[in-house]
Structure formats: structure tokens, C-alpha cells
Amino acid sequence: MSNPAEQDARPITSLQDLVDVLASGCKPRDDWRIGTEHEKFGFVRPEAATAERPAFSSPAYAPEGIGALLEGVRAEGGWLPIMDGPALIGLKGQGENAGGAISLEPAGQFELSGAPLASLHDTRVELERHFANIRGPARRLGLGFAPLGFHPFATRASQPWMPKSRYAIMRAYMPKVGSMGLDMMQRTCTVQVNLDFASEEDMRRKMCVSLALQPVATALFANSPFYEGKANGWLSNRANVWTDTDNSRSGMPHACFAKDFGFAKYVEWALDVPMYFIVRDGKLIDVAGRSFRAWLAGDRQDGLDGLTPTIGDFEDHLTTVFPDVRLKRFLEMRGADAGSPEMMIAQSALWVGLLYDDAALSAAESLVREYDEATYRTLRADVPARALNTPLGTGTVRDLAARMVAIATDGLRARGLRNTAGQDETVLLAPLQALVAGAPTQAERWLERYDGPWGGDVRRILSEAEI
């Protein structure tokens, strides 16, 4: 959501104004960057108390709350406060953290929105610095963090809510449009990478490839096999949750597969996604379920009477649509569970390799054309249960993933960017190369631990997954 103080207050005069919002993201290749976002669950470390989620601030956890952790990280330097009324709900980076931000997901999942960086090696350094920045303050408060796709044992009722106005609106609306929206908000964590495009045509090509292949990424990064303390029959329960969160604003929009897909078609799709809120005088107004298209047409709607839609309103609205690949002034890859640091870097490496080299993008387009849109939709529904073992044609999704990783490897090699040790970016794909060669997914490894040395005690995952 845009900062109210920075919100674009220009009235919308035509649909072209909205197309221009997206088109303003076009950048020359030399300016393309990599922005990685990742979330993790907080917990009170066993030696400090019980292994439960820390609330923002409550008598049960004070001073171990997430609010205290934000203050602790801020005190270390390099961060400015982000407030929602009187509540500290995030941090904005400065100095070596400039361009990044720390925010809170609905139940206190801690998220780093990374700075736009030139190379995957820079992204790796940023990730390691972030973990170092939060580890000290967290452990002084008795807290730890574990990046997993779905909370392995917490119930909905046990989850706290962060004091963020946006989440209060979503919390009331979600049960009206799907059975698992509150689970998405409170019990999931993801990792995503944000990537640039040069033109409308470049965006179209990247959208089509990445949207079609997002289920394969879901399979590669599956890391949520537990539900309320038991094996749940899914390898990515996070992906399963997204099948019934709010299907009017999520999934694979048909328009994105059209041959004439472009900024205008995405605008048309987004206008028909029900609204959540608008911002006026620095405060959120609940307009959940209202139509942005009808508002533009001047139709009467409760909460919107007498208010003129602005560019800033549309920019905020774009943050409330949740397709598997989201278009703003860049493209967001949204199909993966949060996982180990190595896997989170590999997620960025996969998509950079596929989309940022011309030959790799062409090869990926050829790969995608081997199956139709319906096949990719079927995969999206099927891979949460079986991940890489999901049947596809005469083989499995692992076969398609192997070809996808091979193309990404070629794409990264062509970029030729090396770290101080002389390694190119392909080294960051090593975990995925092992997976397509037959190694178990993160979820399958956890199930082996659950059935073996853990003796069915899923709580042991927290200490083993802790960053």
C-alpha cells in the first residue's frame, strides 16, 4: 500500500491513466533489478518459554512480542519506523539497508522486502545481513524464526493479529469469499522475487512464461506438509490454501494467457476484482466488496459517495489482487513456500535465469507451448499434494522442472555475473539441480524426520528450521 503522504492524488480521467501506471514500470535492460521478499514464522524459543507464536504485545509474551523485536532491530541502526496510528508496524531501511523494508504479515510473520539489487550475489548478501540483523535482537527476547510454508501446529484461534488497519478489513471480508482466507493471512509464509520488464511485449512474454510455470515452482519449493501437528496429505498446504482463499482475485487470470495480453487487459481484469479499502486523510476506509469499475462509472456505492477515484487509489487496489504472478510496475513471482535460506535464494535464481536472458526466455516460451492453458490450471490444483511427483503426460512434473532448471542455468551462465570467489550465479541453483535429479523436497525431508527421529512430535521442526 502506498504511504498516504506519498499517495498520488490525481483524479483518474480515463482507463489510459491506469494503463500508464503499469507502463511506467518499463525499464532499459541495464536498469533491471532483483527484489526478493521472504517471510518467516516467529516463535518463542523452547529454552525461553513454550514454542508458540509471539503476539505483537500482550501480557502473556511481553516483552517477547513482535513489537519489542521491531524496536530492538530499529535500535541496532539502519532502520526508520513505519507507523499505523500509534503502532510501530514496520521499518524502512536506510544506509546499507536502503531500498528495503521490514513489515509484519497478519499474525506477525516477519517479512523482508529486499532492495532492488543488480545481482543474485547481492541478494544473497542482503539475505545473510537481514538474518544477522534480526538474530541478535530476537534471541535476546527469547524469539526464533522458522521459514516454512504453513504453520506446522498452530490453530487459527491461537494466532495473534497485528495492529494494521488493512488486516482488520481483510479479516472481516475473507470468510465471505472463501474457506481458507484467514489461514492464508495467519498461517502461511512465502518467498517471492520481483523482476523488471523492458516493454509491454517483454512484460507479456514474461507473464505468460512465469504464470504457466508457477505450479512447477510450487512443486520445487513445497515446504508445508503439516496441519495442526499432523501430516496433512499435502506437500504444499500453503498452495492448497490458495485454491480457496478468494478466487476472484487469485490464481491464473485467463486474460494473462491471451495472445493480445498487455497492460490494458490487466487493468480490465483488476477493475473487476472487488475492492478492500481506500485511503483518505491518512486513514483507511472499509469499502470491501465494492466495485472499482462502478466507482469509475459514477455509480452509487456505500462508502464511496462523493469521493473521486485517484491514481493512488488504483495503485493501492493493485496491492489487493493476488494472482500467482502479480503485475504492478514489475512482476511478482508468488507460487513458492518459504523455505531454507538456500532455497529462498534459489527461488530468485530460478526466475532470473528464465526471464532475464533473451535466449533463456525464448527457450522457456517454447517449453511452455508444449502444454495448453488447461494443463497448467490442472497442475496448479494437483501439485500441492504430490509436488514433483505429480503426473504430467507420460512422466511427472519433475521432468518439466528439470528442463526448466536447465534453461535457468543457461540463462544465469549467460549473465556472467561473478562473486568475489569467482563463482557465477548458477551456483545458487544447486538445491534445485539436486531436486530435479531426484532429491526429496523440503516437505518430504520434514516428513522423514516426523516419521523417524521426531517420533511424531512436529514441534521439533522449529529448532531444525530456525534461521
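Up top is the structure.
In this report, we go over the structure that sits alongside the text. (Residues numbered from 1 in each chain as written. Predicted model: local features only at pLDDT ≥ 70, side-chain atom pairs only at ≥ 80, totals over all residues. Heavy atoms only, no water.)

With that out of the way, let us pick up the packing of helix 6 (residues 200–220) against helix 13 (residues 373–386). Across the interface, helix 6 lies against helix 13 with an axial gap of 8 Å and an inter-helix angle of 20 degrees. In terms of their interaxial angle, helix 6 and helix 13 are classed as roughly parallel. Along this stretch, helix 6 crosses helix 13, giving a crossing that reads as left-handed. Between helix 6, through Ala212, Leu213, Pro215, Thr218 and Ala219, and helix 13, the contact on the second element is made entirely by Tyr376, Leu379, Arg380 and Val383. (Axes fitted to C-alpha atoms, helices over the stretch in contact; angles between N-to-C directions. Helix = DSSP H or I, 4+ residues; strand = E, 2+ residues; numbered from the N terminus. Parallel < 35°, antiparallel > 145°, perpendicular 65-115°, else oblique. Left-handed = near helix turned anticlockwise from the far one by under 90°. Contact = heavy atoms within 4.5 Å.)

On to the pattern of salt bridges. All chains considered together, the criterion is met by 32 salt bridges. Close ionic contact of glutamate 466 with arginine 45 constitutes a salt bridge, the shortest N to O distance being 3.0 Å. Here arginine 45 lies in the loop between strand 1 (34–44) and helix 2 (66–75) and glutamate 466 lies in the segment after helix 17 (461–465), a separation of 421 residues in the sequence. Judged by its relative accessible area of 18%, arginine 45 is buried. Salt-bridge contacts for arginine 326 lead to glutamate 332; the nearest nitrogen and oxygen are separated by 2.6 Å. The class for glutamate 332 is buried, based on a relative accessible area of 1%. When salt bridges with common partners are traced through the structure, they connect Arg156, Asp183, Arg187 and Glu228 into a single cluster. (Salt bridge = Lys/Arg side-chain N within 4 Å of Asp/Glu carboxyl O. Buried < 20%, exposed > 50% of the residue type's maximum accessible area, 1.4 Å probe, protein only.)

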